[in-house]
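# Architecture at a glance
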Amino acid sequence: MLKLEDTYLHKGKRKALVALLREKGIKSESVLEAINNLPRHFFFDSALISHAYEDKAFPIGEGQTISQPYTVAFQTELLNIKQGDKVLEIGTGSGYQASILHLLGAEVYTIEYQKKLYEGTKRFLGRLGIHMNLFYGDGSEGLPQHAPYDKILVTAGAPIVPDALLKQLKVGGVLVIPVGDRRRQTMLRLTKKSEKQIVREEFDWFAFVPLLGKEGWKR
């Protein structure tokens, strides 16, 4: 079993990572503080642990990855999390992004499509003492039984914006989602001004694993 040790070396590497993210344009001090406070190496397989503070994505099994720190920071900053926000995350993965949202004071609901990954992450977050609402299922359809949400974050590349997610967003709420083909996607921020009016903003290109499911890619 991986020992959860956070040494001065790890803390120093996190400080350097935060400085790099700031250089790359991340401005939210609360997001940077959360990244500085959460040991990313805890979320890594022991064989890859020396790479935990590189600004890169790494495999976590089941064809999934732990996102690049810059991507995590960028998406989180777009959401503009407020204390007590009810947030739905599509694609739990390692649990790292969900834990950042949790540290920012969000009430997190997160859903994972891969059962093995869901079970492993649920056990692991329990060990860390991070308590949130974890679900196994098709995230492309959202989590209607707990809707509506203040914010929704999608951590996989979608071919379209799933209608189900827009329906589950509160008026005034924000959905952040990468949309494009299987190779690269444009980051979108959709703000629900009313039931019929959605304001759409486009940001940089990113490369995510595909969002699988009924309103995503078919394997």
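These remarks concern the structure in this document. These numbers come from a predicted model, not from an experiment. (Residues numbered from 1 in each chain as written. Predicted model: local features only at pLDDT ≥ 70, side-chain atom pairs only at ≥ 80, totals over all residues. Heavy atoms only, no water.)

### Describing the pairing of strand 3 (residues 86-90)
Among the 5 residues of strand 3, 5 are classified as buried, and the element is accordingly described as predominantly covered. Taken together, the 5 bridges between strand 3 and strand 4 (residues 107-112) define a ladder with parallel strand orientation. Residue Leu88 lies in a different strand from strand 4, and its bridge partner there is Tyr109. With respect to chirality, the unit in which strand 3 leads through helix 4 (residues 96-103) into the neighbouring parallel strand 4 is right-handed. In this sheet, strand 6 (residues 149-154) lies alongside strand 3 in parallel orientation, the contact comprising 4 bridges. Bridge pairing in strand 6 links Ile90 to Val154. (Buried < 20%, exposed > 50% of the residue type's maximum accessible area, 1.4 Å probe, protein only. Helix = DSSP H or I, 4+ residues; strand = E, 2+ residues; numbered from the N terminus. Pairing = 2+ DSSP bridges. Right-handed = clockwise from strand over helix to strand, strands pointing away.)

### Concerning the sheet that holds strand 5 (residues 133-136)
The strand order across the open sheet built from 7 strands is 5-4-3-6-7-8-9, with neighbouring strands paired in mixed fashion. What marks the edges here is a single partner per strand, and that holds for strand 5 and strand 9 (198-206). The average undirected angle you get between the axes of adjacent strands in this sheet is 15°. In this sheet, strand 9 lies alongside strand 8 (residues 185-192) in antiparallel orientation, the contact comprising 7 bridges. Within the sheet, the bridge partner assigned to Thr191 lies in strand 9 and is Val199. Where helix 3 (residues 69-79) meets the sheet, it contacts strand 6, strand 7 (169-180), strand 8 and strand 9, and its direction lies at approximately 165° from that of strand 9. Lying on the sheet, helix 5 (residues 115-128) is in contact with strand 4 and strand 5; it crosses strand 5 at an angle near 160°. (Axes fitted to C-alpha atoms, helices over the stretch in contact; angles between N-to-C directions. Contact = heavy atoms within 4.5 Å.)

### Some remarks on the pattern of salt bridges
For the structure shown, the criterion picks out 11 salt bridges. Between Arg22 and Glu29 there is a salt bridge; the shortest N-O distance is 2.8 Å. Residue classification places Glu29 among the partly exposed positions, given a relative accessible area of 47%. The salt bridge involving Lys151 is made with Asp85; its shortest N-O contact spans 2.7 Å. Residue Lys151 is found in strand 6, and its partner Asp85 is found in the loop between helix 3 and strand 3; the two are separated by 66 residues along the sequence. By relative accessible area, Asp85 is classed as buried at 10%. (Salt bridge = Lys/Arg side-chain N within 4 Å of Asp/Glu carboxyl O.)

### So, the layout of surface pockets
Approximately 580 Å³ is the volume found for the largest pocket. Along the walls of the largest pocket sit 20 residues, with Phe43, Asp45, Ile60, Gly120 and Phe124 positioned nearest its centre. Elements that contribute at least two residues to the lining of the largest pocket include exactly strand 1 (58-61) and helix 5. Ranked by residues supplied to the lining of the largest pocket, first place goes to helix 5 with 7 residues. Considered as a void within the structure, the second largest pocket measures approximately 480 Å³ in volume. Lining the second largest pocket we find 30 residues, and of these Thr65, Ser67, Thr155, Phe208 and Val209 sit closest to its centre. Those elements that place two or more of their residues in the lining of the second largest pocket are strand 2 (64-66), helix 3, helix 4 and strand 4. Of all the elements, strand 2 adds the most residues to the lining of the second largest pocket, at 3 residues. (1 Å grid on protein atoms, 1.4 Å probe; cavity = no way out; pocket = protein on both sides within 12 Å on 5 of 7 lines; lining within 4 Å. Points joined across faces, edges and corners; volume = space filled by probe spheres on them.)

### Quick word on the side chain of Glu112
You can see Glu112 is positioned in strand 4. By relative accessible area, Glu112 is classed as buried at 4%. Only 2.8 Å separates the side chain of Glu112 from the backbone nitrogen of Gly93, close enough to count as a polar contact. The contact partners of Glu112, leaving out residues within four places of it in the chain, are Gly91, Thr92, Gly93, Leu117, Tyr118, Phe135, Tyr136 and Gly137. (Polar contact = N/O pair within 3.5 Å; in protein donor to acceptor, adjacent residues only side chain to side chain.)

### Thoughts on helix 5
Side chains three or four residues apart in an α-helix point the same way, a direct result of the helix having 3.6 residues per turn. Between its first and last C-alpha atoms helix 5 spans 20 Å; for 14 residues at 1.5 Å apiece the expected length is 20 Å, and the two agree. Within helix 5, the full set of buried residues consists of Leu117, Tyr118, Thr121, Phe124 and Leu125. Angular distribution of buried residues about the axis of helix 5 spans 140°; they occupy a single face of the element. Turned more than 90 degrees off the buried face of helix 5, the exposed positions are Lys116 and Arg123. On the buried face of helix 5, the contacting elements are strand 1, strand 2, helix 4, strand 4 and strand 5. In the segment just after helix 5, Gly129 is the residue with positive phi, at about 80°. (Expected span 1.5 Å × (residues − 1). Arc of directions from axis to C-beta.)

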